[in-house]
Each structure stands twice: as C-alpha cells, then as structure tokens.
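These are the residues of each chain, in order.
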Amino acid sequence: MGRRKWQNQRNPLPYKNERNYSQTTKDNVLFRKYYSNLGLMPESEVQDFYDRMKEPLPVTFRITGYKSQANELLKIIRTQFFDSLVGASASVKSQNNSTTSSTADGGGGGEKAAVPWGQGAVAFNAGDVPVSKALTMDAIKPPKCLTWYPDQLAWQIDLSRKAVRSQEILSKLHEFLVSETESGNISRQEAVSMIPPLVLDVQPQSRVLDMCAAPGSKTAQLIEYLHKDETGVPEGVVVANDKENKRCYLMVHQVKRLASPCCMIVNHDAAFFPKLRVSMDEEKPEFMLFDRVLADVPCSGDGTMRKNIDIWSKWQPTMGTSLHGLQIKIVKRGLELLEVGGRLVYSTCSMQPVEDEAVMAEMLRRCEGSVELVDVSSMMPGLKTVPGLSKWKMMNKLGNWMDDFESVPQNFKSLFTKSMFSPTAEEAEKFNLNLCHRVLPHHQDTGGFFFAALRKVGNLPWSREARVEKEEALKREQTASEKVTSEGPPTQEKMAVTETTTDKPANSNTDSTAVQRKSEDANATNDNSRKRKGESEEGPQPKKKELKGYREDPFLFMQPGDPVWPPIRDFYGLTDEFPSNQLLYRSEQGAKRSLYFVSKAIRQIVLSNENRVRFINMGVKFVSRSPSPLVPDCEFRITQESMGSLASHLTKRTVSITREDAVTIFREENPFLSKMSQSTQDTLETIVPGSVVFVYKPTESNPQPACTLTFCGWKGKASVRSFVPRFERSHCLRLFGQDLAQIKAEVAKMKKDRQQKFDAAAASAADGDPPPLEDEEEKKPAPLKEEGGGEPMVKAGEDGEKE
Ligand SMILES: C[S@@+](CC[C@H](N)C(=O)[O-])C[C@H]1O[C@@H](n2cnc3c(N)ncnc32)[C@H](O)[C@@H]1O
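Since the model is a prediction, treat every value here as computed from it, not as a measurement. (Residues numbered from 1 in each chain as written. Predicted model: local features only at pLDDT ≥ 70, side-chain atom pairs only at ≥ 80, totals over all residues. Heavy atoms only, no water.)

Topic: the overall build of the chain
Worth spelling out the cut-off: Starting at the N terminus, helices and strands are each numbered in turn, a helix being any DSSP run of H or I of at least four residues and a strand any DSSP run of E of at least two. Whether two residues touch is decided by their heavy atoms; if any such pair falls within 4.5 Å, the residues are in contact. Surface exposure here means Shrake-Rupley accessible area, sampled with a 1.4 Å probe, where a residue is shielded only by the protein chains that are shown.
Helix and strand counts for the chain come out as 30 helices and 27 strands. Taking as baseline every contact in the chain between residues at least 6 positions apart, the subset at least 24 positions apart corresponds to 76%. Put simply, the chain shows about 35000 Å² of open surface, and 51% of that area lies on carbon and sulfur atoms.

Some thoughts on the site of the ligand
We count it as follows: In this text, near means that some heavy atom of the residue lies within 4 Å of the molecule or strand in question. What qualifies as a polar contact is a pair of N or O atoms within 3.5 Å, subject to a donor-acceptor requirement within protein and to the restriction that residues adjacent in sequence count only when both atoms come from side chains.
In the vicinity of the ligand lie 20 residues, with Asp242, Arg247, Asp269, Ala270 and Asp296 positioned nearest. At a separation of 2.6 Å, an oxygen atom of the ligand approaches a polar side-chain atom of Asp242. In this structure, Lys243 approaches the ligand through a main-chain N or O atom, which is 3.2 Å from a nitrogen atom. In isolation the ligand has 600 Å² of accessible area, and contact with the protein removes 88% of it.

Considerations on the sheet that holds strand β19 (residues 583–585)
We apply this condition: Between any two strands, at least two bridges found by DSSP are needed for them to pair. Helix axes are fitted to C-alpha atoms over the stretch in contact, other axes to C-alpha atoms as well, and angles between N-to-C directions run from 0 to 180 degrees.
Spatial strand order, β18-β19-β20-β22-β23: five strands in an open sheet with antiparallel pairing. Edge positions in the open sheet fall to β18 (556–557) and β23 (636–638), since each of these has one partner strand only. Pairing between strand β20 (residues 594–597) and strand β22 (residues 620–625): four bridges, direction antiparallel. Looking at the pairing, Leu595 lines up with Val623 of β22. Of the strands in this sheet, β19, β20, β22 and β23 touch helix α22 (residues 565–572), which is tilted by about 45 degrees from β23.

Some thoughts on unusual backbone geometry
Note the following rule: Accessible area is worked out with a 1.4 Å probe on protein chains only. A residue is then buried under 20% of its type maximum, exposed over 50%, and partly exposed in between.
Of the consecutive residues Ala214 and Pro215, the connecting peptide bond is found in the cis state with omega at 5 degrees. The omega torsion across Gln704 and Pro705 is 0 degrees, close enough to zero to call that bond cis. Position of Pro705 relative to the elements: it lies in the loop between β25 (690–696) and β26 (709–715). Its identity as a non-glycine residue notwithstanding, Asp201 has a phi of 60 degrees, on the positive side. For Asp201, the location among the structural elements is in the loop between α10 (195–200) and β5 (207–210). On the basis of relative accessible area, Asp201 is assigned to the partly exposed category, the value being 28%. Residues other than glycine seldom take positive phi values, yet Ala259 does so here, at roughly 45 degrees. Topologically, Ala259 is positioned in the loop between α12 (245–256) and β7 (263–266).

Thoughts on the packing of helix α14 (residues 321–336) against helix α15 (residues 357–367)
What counts, and what does not: We call two directions roughly parallel when the angle between them is under 35 degrees, roughly antiparallel when it is over 145, roughly perpendicular when it lies between 65 and 115, and oblique otherwise. Two helices crossing with the near one rotated counterclockwise from the far one by less than a right angle form a left-handed crossing, whereas a clockwise rotation gives a right-handed crossing.
It is the contact of α14 with α15, at a shortest axis distance of 10 Å, that shows an interaxial angle of 45 degrees. Between α14 and α15, the angle is such that the two are oblique. When you trace α14 past α15, the crossing you get is right-handed. On α15, the residues that touch His324, Gln327, Ile328, Val331, Lys332 and Leu335 of α14 are Ala358, Val359, Met360, Glu362, Met363, Arg366 and Cys367.

Remarks on the confidence of the model for the chain
As a reminder of what qualifies: By definition, pLDDT measures how confident the predictor is in each residue, and it falls between 0 and 100.
Confidence along the chain averages 80 in pLDDT terms, with 75% of residues attaining 70 or more. Under a pLDDT of 50 for its full length, residues 1–16 has, in the predicted model, 40 contacts with residues more than four places off or in other chains. A low-confidence stretch, residues 489–535 stays under pLDDT 50, and its non-local contacts, those more than four residues away or across chains, total 68 contacts.

Side note on the pairing of β7
Formally: Here, the term right-handed applies to a crossover whose path from the first strand over the helix to the second runs clockwise when the strands point away from the viewer.
Along β7, one buried face is formed by Cys263 and Ile265 and the opposite face, lined by Met264 and Val266, is buried too. Bridge analysis of strand β6 (residues 237–241) against β7 gives four bridges, and the strand direction is parallel. Bridge pairing in β7 places Val238 opposite Cys263. Following the backbone out of β6, through α12 and into the adjacent parallel β7, one traces a crossover that is right-handed. Here β7 runs beside strand β21 (residues 615–618); their pairing, made up of three bridges, is antiparallel. Bridge pairing in β21 places Val266 opposite Phe615.

Considerations on the pattern of salt bridges
In a structure, side chains of opposite charge can pair up when their charged atoms sit close to one another. Put simply, the rule is: Counted as salt bridges are all cases of a side-chain nitrogen of Lys or Arg within 4 Å of a carboxyl oxygen of Asp or Glu.
Summed over the entire model, instances satisfying the criterion amount to 26 salt bridges. Among the salt bridges present, the one from Arg734 reaches Glu180, with a minimum N-O distance of 2.6 Å. Here Glu180 lies in helix α9 (residues 168–182) and Arg734 lies in helix α27 (residues 726–735), a separation of 554 residues in the sequence. Under the relative-accessibility criterion, Arg734 is labelled buried at 4%. You can call Glu180 buried: its relative accessible area is 0%. A salt bridge links Arg365 to Glu362, with the nearest nitrogen and oxygen atoms 2.4 Å apart. Here Arg365 pairs with Glu362, and both are found in helix α15, just three residues apart, close to one helical turn. One exposure class covers both Arg365 and Glu362, and it is buried. What emerges from the salt-bridge pattern is a single network uniting Arg52, Glu55, Arg306 and Asp445.

A word on the packing of helix α3 (residues 29–37) against helix α4 (residues 43–53)
Note the cut-off: Classification used: nonpolar for Ala, Val, Leu, Ile, Met, Phe, Trp, Tyr, Cys and Pro, charged for Asp, Glu, Lys and Arg, polar for all others including Gly.
Interaxial distance between α3 and α4 falls to 10 Å at its minimum, and their mutual angle equals 140 degrees. Between α3 and α4, the interaxial angle falls into the category oblique. In terms of crossing hand, the pair formed by α3 and α4 is right-handed. Contacts between α3 and α4 involve Phe31, Arg32, Tyr35 and Ser36 on the former and, on the latter, Val46, Gln47, Phe49, Tyr50 and Met53. Residues that form the contact of α3 with α4 fall into these classes: six nonpolar, two polar and one charged.

Overview of the UniProt feature "binding site: S-adenosyl-L-methionine" (unreviewed entry) in the chain
Heads up, the rule is: UniProt positions are given in the numbering used here, feature names are shortened, and annotations may be inferred rather than shown by experiment.
UniProt's entry tags Cys212, Ala213, Ala214, Pro215, Gly216, Ser217, Lys218, Asp242, Asp269 and Asp296 with the feature "binding site: S-adenosyl-L-methionine" (unreviewed entry), counted in the numbering of this structure. The exposure class assigned to Ala213 is buried, which follows from its relative accessible area of 6%. Once residues lying within four places of it in the same chain are set aside, the contact partners of Ala213 are Thr219, Ala240, Asn241, Asp242 and Met251. By secondary structure assignment, the location of Gly216 is in the loop between β5 and α11 (217–226). Residue Gly216 is classed as buried on the basis of its relative accessible area of 0%. In this view, Gly216 contacts Met251 and Gln254; residues no more than four positions away in its chain are not counted.

Side note on the environment of Gly341
Its place among the elements puts Gly341 in strand β11 (residues 338–348). Sequence separation between Gly341 and Asp291 is 50 residues; the distance between their C-alpha atoms is 7.4 Å. In this structure, Gly341 is in contact with Arg455 and Lys456, ignoring residues within four places of it in sequence.

Given below as structure tokens:
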C-alpha cells in the first residue's frame, strides 16, 4: 500500500495541510451556545475556550521503551535539539522585537513568540509580510515538558510544517523524531491520550484488559508499564481488544514495536467480551478476572475538534446521546470482568456530560455501592483538570435546554433516557462525581478529554456471587431469628420473601435504570434475563453473526518431541529451564518458518479459549528459519525482537563487546573480525559461524551510553554484522554519541548502495551470511504521525525525500 493511502486510512479526518486548516469554517452556533451555558467553566473563560478550540493542536510525543534507554534518549534530545531550540527561540524573540519595532504600526511584536503556536503564522499569512519572513520571526517556540508525565518523558513542541521548513534545527529534529518513531523509541501521542494508562496504575503483575484499544497508543503505554522493571518476562498480561477487525491490525504494528510476549490482540464487541477461561476443564471451567480495565470508549469526540476539524460542521448537542447506551454497556461488562479490588479507568474525548458523568452516574447507580470513584488527582501532579459535574442540563437538537427527563418534550422522548440527566441530590451526595476529571483545551493547550477511575469494592449486585452472598445472609438471618424466637421451621411466607428477594432484578430499584433498560438494549443485566437469553457464566453471548474480517493463521504451541527443537536448543545453549512449551507456530502445514514466544499467562489463555476467543496476534518472534551452508547444525536464526525477553536464556553464543566494537558494528554493517577489540575477537574465535547475541554494558572507563544494549547479529567466517533493523541501528548509533549528520550520510549512502546490492549480497554469501529477514530489510520511514489518527508533521513524500 502506498504511503499516501496508508496515511489516509489511519487519519480519517485529518486537516490535510495547514492552509485547509485555516480555511475551514470553525464555527457552530449550537456548540458555542452549549458550552457557554453548560457550566463547565466560568463565563470569563468561555471565549478563551472557544478561541483555543479553533487552533491546531501542538505536537506532543513520548519517549517510550525501557527506562534506561529512554533516559539516554532524553539526554540526546535535550542536548542536541532542545538546548539549541531554546537559544534559537530567544534569538527569534529579539529579532522579532527589533523587526516589529521598525514597522509602521510599531505594535508589540515581541509578545508574538508567546502566543499559541500556529496563531502567529496564520496572522502573518493573512497580512502582507512575506510568509518566509514571518516564519523566521514567529516559528520557533521552545519545547515544553508535560510535567505531569513521569520522568520528563513527554514533550510538546511546535513542529508545524512551516516551522519545520523554515528552521534547520526543527527540520533535523523532525527527521530525528521520524527515525526514532520508526524504531519504536518515540511515540507521537496526544497529551490527553497519555492520561488514562497513567491513572490505571499498571504493575508488572497486572492483568490488564484494554476494551476498545485500536489503534493502540494507550495499549503501548500499558505494555511499557507492565515491563517497567526491565527484568525478564513479567507475570502480567495486556489483552488489547477492538470490535473493528481492520483496526485490530493497526495495533499489530504498534504492539510489535514493543516486543512483549505478554500481550495479545483480540477482536470482540467489548459489550459482550467473553470471560476468559484459564483451565481446559470443560466440566469445571475456571475464569480469569482482570485487575485493571481500560474503557476508552467510542465517543462523539468533540474534544478532538482541534485535530478533526470536520466535527465543527457536524456537531450537534445530541451527538453523544446515541452512544450513551453503548458506553454504559461497555463499562458494565468491564466491571463484570474486573476482580474485586481492581480498577477500571473510563475515558472519552468528548466533553459532553451525557457521555461522561452520566455514564459514571448510571454505573454507580446500578452497582449499589459495589463500585466507587477513586481520587487519582495525585497521579498527575501539575495537570490542570476541572472536577466532574453533579448537575448538568441536556440540550435538544433545536438548542433548547432540558433539566430533567420529565421536561423532555414528548416528540423527543424516544431520544433520551433518564440516565442521561443529572442524578438526584441524594444520589449526587453518594456518587462523588467531583472525582471525575475533565481537561479543557484552553487550560494547557490540549484537546478536550474526560476520565475517571472506578474501584470495585464488592461483588456487583447482579453477579452470581452477590446473589449467593445475599441468599446466605438471608439464611443466616432466618436461622438466627428462628433460634431466638424458637418458632420452628420457616413459614411459607418467609420462604416466599427469600425467593422474591433473590429473583428481583438487582437494580430494579431505580427509575432511571428501568427507563434506561427499555430504550438501551435487550441485554438486561439481571439474572432472570440472563437465564432467558441463555447467557452462560462466561458472559452475555452476542447474536451469532457471520465472522467477518481476515482469517488468522492458527496459534499452535510446539509439542514435546518436536524435531525442530533439539538443534535450536543445543546451538544456542538453552537449558532445560527454558519454557519451550511457550513457543508457537503460526502455520499448520509445510516447513515451519518461525517460532514465536509468549508468556506463561498468554499461553494459558490461548489454550483455554481456543474456540471462544478471536485471537488476532500475540508473541515475539524468537527464531526464524534462514539456512546457511556455514551453519549446518541449526537452520534457525535468532531475531532482534526476542532480545528483550529471551537473550538471557542463551548460555552459548553471547558475546560481550566494547563500546568501540558496538559503534563499528553499527556503522560499518559488515566489518571484518579484525576490526573488533582483542577480547571480542578472542570470544568470537571460540564460536562457530551463525547467529550471535552481542551485549554492550557501560563500564567505569566507558560509561556512555549508561544502559545495556543487547542485540543480535551474525558471526561469519571473517566478519560480523548486526541483525538490527535500520532505524534501530540509527537509534543505537545516536546512543553511542554518533552525530545525526553521520547517520544521514549513512542513509544517503544506502540509496547509492542499492545499485551495488548484488555485489554486497554476493560478498556476504561468500562469507556465509544468510539473506536478511523480511522485517530487517530496508524500510522507508513512515512520516511521524500521531497515534490514533493525527496529522502527519509534513506532507507525504516530503520527509521521505529528506532521507
Ligand atoms: C476512542 S477509540 C480508542 C482509542 C484507543 N484506546 C487508543 O488509545 O489508541 C475507540 C475504539 O473503540 C472501538 N469500538 C467501537 N465500538 C466498540 C465495541 N462495541 N467494542 C469494542 N471496541 C469498540 C473503535 O473501533 C475504536 O477503535
């Protein structure tokens, strides 16, 4: 697929370029009326809010991956780019001051550098100052650290296309970010989108369900947090789900970059997500509950208007009402799959209470105290949010306000439910909706966003456990009262009470629930309806539908006695402790090309749910078949993506290298053995040709970079090479302090070298090198794009040409 097409698919509503952005009409009378009077902000802020909604979003990115490497990368970004950008910004300011003071109007241009990015450029375009000059004066703004994100790993910066074009330092930074994004070490992600995973508080042992995960920017964060200890394979799992089959594949790329054996991508309607089994006993199935659930639900998305400008013309005050029911169903299912004591984070990029507080209120209402809102404000120090509302109004299509369900005109009644309106004063007292958070765009130059964290403190009233508890409590009460009154066996009357109590729908005591049920869906949550509909313990079953989408290859675990295994085991010195039963194939027939590795927990889920769950992807590629005449003993080559989780298992073929060795290997691609340090040569001498693992560790005399780097490579007859994808190699070179120009030259050389490819391949083959694996072949970088559908920083083709 061409890059342009790919961009369009990932960005359904991008503003194609800044000219289009500034030309689109960004006004909507009802929108203005709605947010001016809703009560989200004081009147004095309304204009600021409205103005900010019309501006494009600044670029934000996160440095990702293992912490030690992330810190090293941060050092590079600071010293090589940010320091000069701050200097450049200061000099632009003074240049700006002197230029504008000499103009006829003489009006205070010095302040222009302080206005939100993009605004200045738009103003100049409209006037008669040449664009290029305007840009030099206005384009540079110093990068801003998102201080609420841990370890200073998230940043905001002006990388508008014009700014990039006009400033060399920005153009270099842009190139750097594209390359580092390609190697997975940087993620362009909207600032507000970074919040939910942060407040979910994921630990290495957490069992996490991401219910609506595509395209996966939050999933990536969840996986990173799972691996935060940087040691071995964490116990926890991330199950990333999306209803849209095609969107699941957007996640595959995202997740692959993180090379985690603890994550799986699945494809289900979140409202009917099956309870995962963890035993294969059909008679007595055991189920897995999650301790962290992320419900980043589909929403009307008016908080994304700065990016998705089409929403301006489409916006209506009832946009959120059609999603309210689905949002409730998804959270309800999430809570059912959450274990007692666990946390569910709910988030939307809509600012309308009907998709936000109203959903939370309805869940709190239905859950009757078994769920409560958690105060997470201390988890993002410095992030400005406004507390959730306990009282709000609804607006109909005509722009008329309605305070409660009773005031909905008869002809609109079918469009609204009671649960969309504010809770009663009594409920509001209990619900603590003020613990919900809303991010307003004008506060910190972000998109609009809503999030809340729920803790499950007891069994849900409609759960089997709660019913059993209730029945037992009642029995105990009865027995106690029988003893006290010595009235003999229970009377018919008493028994009737017991039955009525247990059969009563768990949440039929609230009017709004009753109304909600009627209009929401037929999948009512009480036990009676569950029985009627043939729901099993495993959860509600969606209507059988023909499964659409790409048919996945199977996930087949390697069986004991598989003849493929002994040569791999012996060649790489894998001990009996190596969990070879966690290796799987993706093809049923023919020669097995690759073996993938998954964690113990993922294996368990796959084996126990084979015909119940639609698995899309999982596992890191451990070895790949790539025969070489030089290596008769083992046809399989180790892959780079397995290094993080499996390199420590290899008792053979691991070579400690020096800093200089590492630089030589990355720079020269195929250096002679004689170019390696003596100690490395000595070790390599003892190893027969084939795949090797190189390990660089900082030492006292050579402390930089201050992180361990483990990468796979090849020992030939007379040379070595790395098997690290190109952009990852550039990343490593940067960590080793090689300057960008060097890397750029290397990439330019690559183009020339294509001509000589056959010569190089012939030379390699003579030395016994296997051909490169598919994923290690040279890839053209995709432009740096925001996860979740952002604007490319530069037009398709532009950035590629720079390479
Ligand atoms: C707001 S986006 C999620 C963004 C994502 N969490 C991220 O950070 O990249 C909502 C997602 O929900 C998915 N979706 C819509 N209805 C769904 C349902 N019933 N069950 C599961 N996913 C659903 C959409 O396909 C979409 O990918």
